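Coordinate inspection notes
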Amino acid sequence: MSFHSMWAELLPVGRSSASGGYRRYAWTGADADCRAWFRQQAEARGLAYEVDRNGNQWAWLGDPAAGNAVVTGSHLDSVPDGGAFDGPLGVVSAFAALDELRGRGARLTRPLGIVNFGDEEGARFGLACVGSRLTAGALTVEQAHRLTDGDGVTLPQAMEAAGYDPDGIGPDPERLARIGAFVELHVEQGRALDLSGDRVGIASAIWPHGRWRFDFRGEANHAGTTRLADRRDPMPSYAETVLAARREAELAGAVATFGKIAVEPNGVNAIPSLVRGWLDSRAADQASLDTVVTAIEKAAREYAAAHGVDLTVERESFTPVVEFDHALRDELALILSGDTELRVPVLGTGAGHDAGILSGRVPTAMLFVRNPTGVSHSPAEHATEDDCVAGVSALADVLEGLART
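Residues numbered from 1 in each chain as written. Predicted model: local features only at pLDDT ≥ 70, side-chain atom pairs only at ≥ 80, totals over all residues. Heavy atoms only, no water.

Taken in spatial order, the 4 strands line up as β9-β11-β7-β12 in an open sheet, and their pairing is antiparallel. The open sheet is flanked by β9 (255–264) and β12 (310–319), the only strands paired with a single partner. Pairs of neighbouring strands in the sheet enclose a mean axial angle of 15°, with direction left out of account. In the sheet, strand β7 (residues 209–217) pairs with β12 via 9 bridges, with the strands oriented antiparallel. The partner of D215 across the bridge, within β12, is T312. (Pairing = 2+ DSSP bridges. Helix = DSSP H or I, 4+ residues; strand = E, 2+ residues; numbered from the N terminus. Axes fitted to C-alpha atoms, helices over the stretch in contact; angles between N-to-C directions.)

With that settled, consider helix α2 (residues 29–44). Residues three or four positions apart in an α-helix share a direction because the helix packs 3.6 residues into each turn. Over its 16 residues, α2 runs 22 Å from end to end, which matches the ideal 22 Å to within 8%, given 1.5 Å per residue. Those residues of α2 not exposed but buried are A30, D31, C34, R35, W37, F38, Q41 and A42. Down the axis of α2, the buried side of the element spans an arc of 155°, and every buried residue falls inside it. Of the surrounding secondary structure, the elements contacted by the buried residues of α2 are α1 (3–10), β1 (48–51), β2 (57–61), α3 (88–104) and β4 (112–117). Of the residues trailing α2, G46 is marked for its positive phi of about 70°. (Expected span 1.5 Å × (residues − 1). Buried < 20%, exposed > 50% of the residue type's maximum accessible area, 1.4 Å probe, protein only. Arc of directions from axis to C-beta. Contact = heavy atoms within 4.5 Å.)

As far as function goes, none of this settles anything; it's purely spatial.
Below is the structure:
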């Protein structure tokens with residue numbers, strides 16, 4: 001099956017007719033449809049299919065028990081109203097690269113695996129990369145059991161409702177020990193390749209990043225009868241904090257975003273009693289990230305005090321800087337340059353990935369495919385078919401180069 005036909009088959013799954021974006025949330029009907037598609041692709045190619053204890057899907061060519069396997073893949077879930085390419089491009093390209101290798105008659109001496117990691121985006125339970133974190137031991141069983149969606153459904157309950165046994169979730173060192181290299185292909189979430197004129201690039205590192213919850217607590221009251229001087233309104237403090245985040249990020253050359261908010265009682269004619277905002281911040285190094293977040297929290301506390309509002313700040317998740325395996329990265333560059341003097345661009349990214357989570361356990365690397373607009377986490381996310389096909393060929397080259405050594 002060609003890249004084009006696989007892409008067209010997956011494209012309608014979980015797509016909102018209203019926004020044109022995707023709502024493929026973990027352990028929902030759309031997620032089940034994506035999982036069924038993955039299994040179908042695996043079985044159509046005669047691959048050994050399995051689901052691990054954390055709900056991640058695997059397809060194997062060769063015996064993974066032999067060890068030193070080369071694995072590729074990504075994820076199929078999405079952010080709310082996300083684009084088509086973030087995650088699925090890596091999974092579809094993995095199957096297409098295998099098809100290309102078979103078409104070449106490539107002789108592989110190492111097992112080859114394709115994976116779909118579950119709940120990478122964290123859209124439902126608020127924590128990114130749940131499937132890979134559990135596998136790598138970066139998320140404890142106790143922490144996983146406490147994850148709850150907006151309707152109060154816990155992760156174990158959601159897994160069970162979807163037909164999966166949640167009792168076995170947890171670290172999977174035996175599985176990771178089988179992997180000699182993991183290479184994740186992903187659409188670039190930025191414009192570096194577009195600006196350089198390259199179709200494919202290699203990742204150098206992932207910026208340190210995290211999520212913080214800011215709870216501004218005031219006093220609910222009538223919007224029409226309460227004098228401004230008598231209010232304990234948390235909304236102005238939150239609004240000023242949003243502006244402070246933008247200012248501090250600009251000063252540090254970082255990024256900071258309040259992209260999610262919850263208000264209580266959430267009435268047009270009611271002063272809020274609670275404004276809860278989630279901060280996402282990322283920077284090229286840990287010191288810069290610490291500077292930005294500390295400055296934002298300091299400003300928020302000053303604004304809250306000025307308005308008679310209480311503030312609590314809690315870090316909900318954090319991922320330190322990830323330097324991808326240098327030897328593997330250099331090997332990818334050598335494979336892709338071949339016998340020519342072609343230089344494959346190497347670039348960093350502010351986006352988190354399953355490859356980043358696994359990097360502390362197995363050698364990992366990433367390939368990026370050009371994104372002509374740089375837009376991501378949006379229905380406008382895009383990559384041309386020619387660039388996607390170039391990515392498939394690059395991935396096939398890499399897998400062949402690694403799996404025959």
